[in-house]
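For reference, the chains in residue letters:
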Amino acid sequence: MEERYIPQDIEKKWQKYWHEKKLFEVTEDPTKKKYYLLEMFPYPSGKIHMGHVRNYSIGDVVARYKKMRGYNVLHPMGWDAFGMPAENAAIQNKTHPAKWTFGNIDYMKKQLKRMGFSYNWNREIASCHPGYYKWNQWFFLKMYDMGLAYRKKSSVNWCESCKTVLANEQVEAGLCWRCGTEVTQKELEQWFLKITQYAEELLKGCDDLADGWPEKVLTMQRNWIGKSYGAEVDFPVVDSDGVIRVYTTRQDTLYGATFMSLAPEHPLSKELSEGTPQEKEVLNFIAEVSKEDKIIRSAEDTEKKGVFTGRYAINPMTNQKIPIWVANFVLMEYGTGAVMAVPAHDQRDLDFARKYDVPVKVVIHPYEKALDEETMTEAFVEEGYLVNSGQFDGMNSVEALDKIGEYLEEKGIGKRTVNYRIRDWGVSRQRYWGTPIPIIYCDECGIVPVPYEQLPVILPVDIEFEVDGRSPLPEIESFLFTDCPICKRRAKRETDTLDTFVCSSWYFDRYTCPRYDESPLDEKAVNYWMPVNQYIGGIEHAILHLLYSRFFTMVLHDMGLLHVGEPYENLLTQGMVIKDGAKMAKSKGNVVDPNDIIEQYGADTTRLFILFASPPERDLDWSDQGVDGAFRFLNRVWRMVFGNLEKIKDISPYDDKIPIPDHLKNLRRKTHQTIKKVTDDIEERFHFNTAISAVMELVNTIYQIKTDDVKDPLSISVLREAIETVVLLLSPMVPHLSEELWEALGGSDSIITVPWPSYNEKVIQEDEIVIVIQINGKLRSRINVDASSSEEEIKETALNTPRIKELLKGNEIKKVISVPRKLINIVTG
RNA sequence: GCGAGAGUGGCGGAAUUGGCAGACGCACUGGACUUAGGAUCCAGCCCCUUAAAAUGGGGUGGGGGUUCAAGUCCCCCCUCUCGCACCA
């Protein structure tokens, strides 16, 4: 036997080789089919964790496989390098965020290289580099020019721990997505990107992505966009010229509106109650509600409260006076901030009506039961027919949606409309470590964008960090003060920075031309490579990053910078790595450090275990013993190659020219079946676990071959083909070991340059097949028949099998079902 | 509450189109080799019946159904995971 398998030595050797040969560097080549494979770029938090290893191992298999299939594969890596943790670390360790970040990048890059991932490293980008964030600023200005970036004062989500504003997408169950602190509301002037303008396009795009994206992600995005069809209706206010406009999706219930609810923030809430006996009560209520946290206030189980304004509106359908209330559950941000309340057909309104003793009026009647207005406690929300609804009485309620909508338009009372739940994306962050927003405020000229030729607005790095966590930017005079580009007078810079999600919204475009300096994107490069053919990452970005980057792609498309309208053709969301039933987390003490595993077993074993333990979209249960098993298998492969090396070294693989010796037909068939299985598993399903198990079976088959059976050159060539196939099929998953074995087998070039093996459909066919014989669906026997046997012959043989004959004695055969090449089912009476 | 996904041996998982349930691996048991074994090789390993077994019976969360045939399709229920959740 040859030397032992020592992964660490081999892996170093081949990593060096790949680097020196520049094997993973690519350029646009119109003669080759391109394939852009991308994994979500990491935040340089310190070191790689198992989730990264899983994400990138999956991606690397696909990248290497596609390369062997002849594609021009772009497989880049970079760093999502702006963000809070750098600032926290800076305060804690008395260092600078940049130093901390670049230190982490250096270390993590070494770790990724140690894993042997096939990245095109000379396309590396770090979003905190001015050469990158310059273009964030450029896009921001373009969007400002296009009216897509605007500034407004509004109530925004505030995280006290991060001391910054958060986008709606970054608030999870009322908590900050990053630190878990409870989010409160603040009134602030902020910059927004008009993602709402693309709501319809983002929604429509979901349908086109249905083939390549997980249904779950699309559903989440659709829900987030939240399109609803309804109507806006004007309710005249009694003793006033004004109207209150409401949004409803249930215009069929208009006749049942017995009161109206305004959001406390609605300007009319205060205005209407002025001078009424209820004025004080209303003002108190508004003050009380505004003190409450909005997240808690808008939770479903919060008590519904309200006050009467002392004023009335007219239901435009019934011309009846209905009281106007202010209610805590009405949201100013959704619809018009005013709701027509139909207690009989909306649970919230019913609860509210019962509590404050407002009348309930049934206008939709169920087809199969009766409702009692006086006593009902459950609102009827299903389909029914209209009652108490004037000319619409008797009409089906679904039909009435349209008919009443038409009526509203005819009468000029209202109009049918669509409404979206999605809000504009607030991108201002009161943080230091981010892209400076390229805006100047001038007392004379107002809001003035920084001229394009002055980009980038450099983030000053020569600063001290205070312990209280506030951004130091507003205190740096050399940054803060500048000349107004228009009037040249002293003016102030914006000191907020852009949300880091801006960086990740277009980084995949930049990989195609990372050093291009004339504009953000080199048209030729970006349109050669885009879209990303396969994107791989965690499900936690289902809404945030995946929605923002779709939005950016559409905007860039409209700017004329991109041909594509969607960034990612296919999306794979990989599951979490868990251990002992819980996600790996420091707090749970169940973290496995990839470094330890690599040190002990090598990168190949780490990769193999991760790929073998579970299909990618499912959670992966970490098992130390499983890693042992993966290592054992690689040793087995090693011994298989070196144990046969002397014999097979100078022999070419079997080439079909001379008939195959009978005793090796099975081996050859298994070899080709395995090629097919592994190819299909990688190509169509990303099921690497079953691909690996298939290779294991082939290895087992090779081990079962008796030495005496492979003595002549022809037999040896069949063995050579089998062994070579194992090495080739494993190479995307365990690249270092495969390179070493390939070299031993006489390969002169990197295994990644070798074409992926192909299989011969004829060889896969069995000569003899097993037919299962069932009686009444129960397995009773198996027979071997010649593969060429006809259905009739098989039936005949089956019925004449002694055991079957015995079992059938005295039973009448009603029919015989035959499934070609699989089974015979005999049905008796 | 709504939406999505899942539930298969001691464990991870396989069964791709309705056609032999448990591939492959881990753990475990026995044996061989051996100075040694946490190396390697061979064998066994869903449950029941059994001295042992079978081409005996049962079995894919539970109940019902469709079918010659169901882990797979349909209906009802249970459990778990994830997402959304006063959106008018």
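See above for the structure.
Not measured: the values here are computed from a predicted model. (Residues numbered from 1 in each chain as written. Chains lettered and ligands numbered in written order. Predicted model: local features only at pLDDT ≥ 70, side-chain atom pairs only at ≥ 80, totals over all residues. Heavy atoms only, no water.)

Engineer: Before we move on, could you go through the overall build of chain A and cite the residues and values that matter?
Structural biologist: When helices and strands are tallied, chain A shows 27 helices and 35 strands. Seen through its C-alpha atoms, chain A measures out along the principal axes to roughly 110 × 85 × 50 Å. Counting every position in chain A, which comprises 829 residues, the buried fraction comes to 57%. In the form shown here, chain A has an accessible surface area of approximately 37,400 Å², with 48% of it arising from carbon and sulfur atoms. A gap of 4 Å separates the mean positions of the 103 positive and 124 negative side-chain charges of chain A. (Helix = DSSP H or I, 4+ residues; strand = E, 2+ residues; numbered from the N terminus. Buried < 20%, exposed > 50% of the residue type's maximum accessible area, 1.4 Å probe, protein only. Areas by Shrake-Rupley, 256 points an atom, 1.4 Å probe, with all protein chains shown as cover. Lys, Arg positive; Asp, Glu negative; His and termini not counted. Charge placed at Lys NZ, Arg CZ, Asp CG, Glu CD.)

Engineer: Break down the packing of helix α21 (residues 665-685) against helix α22 (residues 688-704) for me, citing the residues and quoting the values.
Structural biologist: Two elements in contact, α21 and α22, have axes whose closest approach is 8 Å; the angle formed by their N-to-C orientations is 170°. Of the possible angle classes, the one that applies to α21 and α22 is roughly antiparallel. Of the residues in α22, those touching α21 at L667, K670, T671, T674, K677, V678, D681, I682 and R685 are F688, T690, A691, A694, V695, E697, L698, T701 and I702. Partitioning the contact of α21 with α22 into residue classes produces nine nonpolar, four polar and five charged. (Axes fitted to C-alpha atoms, helices over the stretch in contact; angles between N-to-C directions. Parallel < 35°, antiparallel > 145°, perpendicular 65-115°, else oblique. Contact = heavy atoms within 4.5 Å. Nonpolar A, V, L, I, M, F, W, Y, C, P; charged D, E, K, R; others polar.)

Engineer: Could you give an account of the protein's contact with RNA strand B, with specific residues and numbers?
Structural biologist: Near RNA strand B there are 53 residues, and of these T249, Y334, K677, R782 and R803 occur at the shortest range. At a separation of 2.8 Å, a phosphate oxygen of RNA strand B approaches a polar side-chain atom of R632. Of all the elements, α22 adds the most residues to the surface near RNA strand B, at six residues. Of the residues that constitute the surface near RNA strand B, the class distribution is 17 nonpolar, 14 polar and 22 charged. (Near = heavy atom within 4 Å. Polar contact = N/O pair within 3.5 Å; in protein donor to acceptor, adjacent residues only side chain to side chain.)

Engineer: Hey, could you go over the sheet that holds strand β11 (residues 243-248) for me, with residue numbers and the actual values?
Structural biologist: The strand order β11-β10-β18 describes an open sheet built from three strands, whose pairing is antiparallel. Strands with a single pairing partner mark the edges of an open sheet, and in this sheet they are β11 and β18 (414-419). Averaged over all neighbouring strand pairs, the angle between strand axes comes to 30°, with direction disregarded. Direction of pairing for strand β10 (residues 228-236) relative to β11: antiparallel, over a ladder of six bridges. Following the sheet pairing, E232 is matched in β11 by Y247. Sitting on the sheet, helix α12 (residues 397-411) touches β10 and β18, and the angle it makes with β18 is about 125°. (Pairing = 2+ DSSP bridges.)

Engineer: Outline the pairing of strand β14 (residues 321-327), supporting the account with residue identities and numerical values.
Structural biologist: With six of seven residues buried, β14 is to be regarded as a mostly interior element. For strand β12 (residues 259-262) and β14, the ladder comprises three bridges, and the chain directions are parallel. Following the sheet pairing, L262 is matched in β14 by V326. Sheet topology note: the strand β13 (residues 306-314)/β14 ladder contains six bridges and is antiparallel. Residue pairing in the sheet places A313 in a bridge with I322 of β14. Between β13 and β14, which pair antiparallel in sequence order, lie six residues; one of them, N319, sits at a positive phi of approximately 60°.

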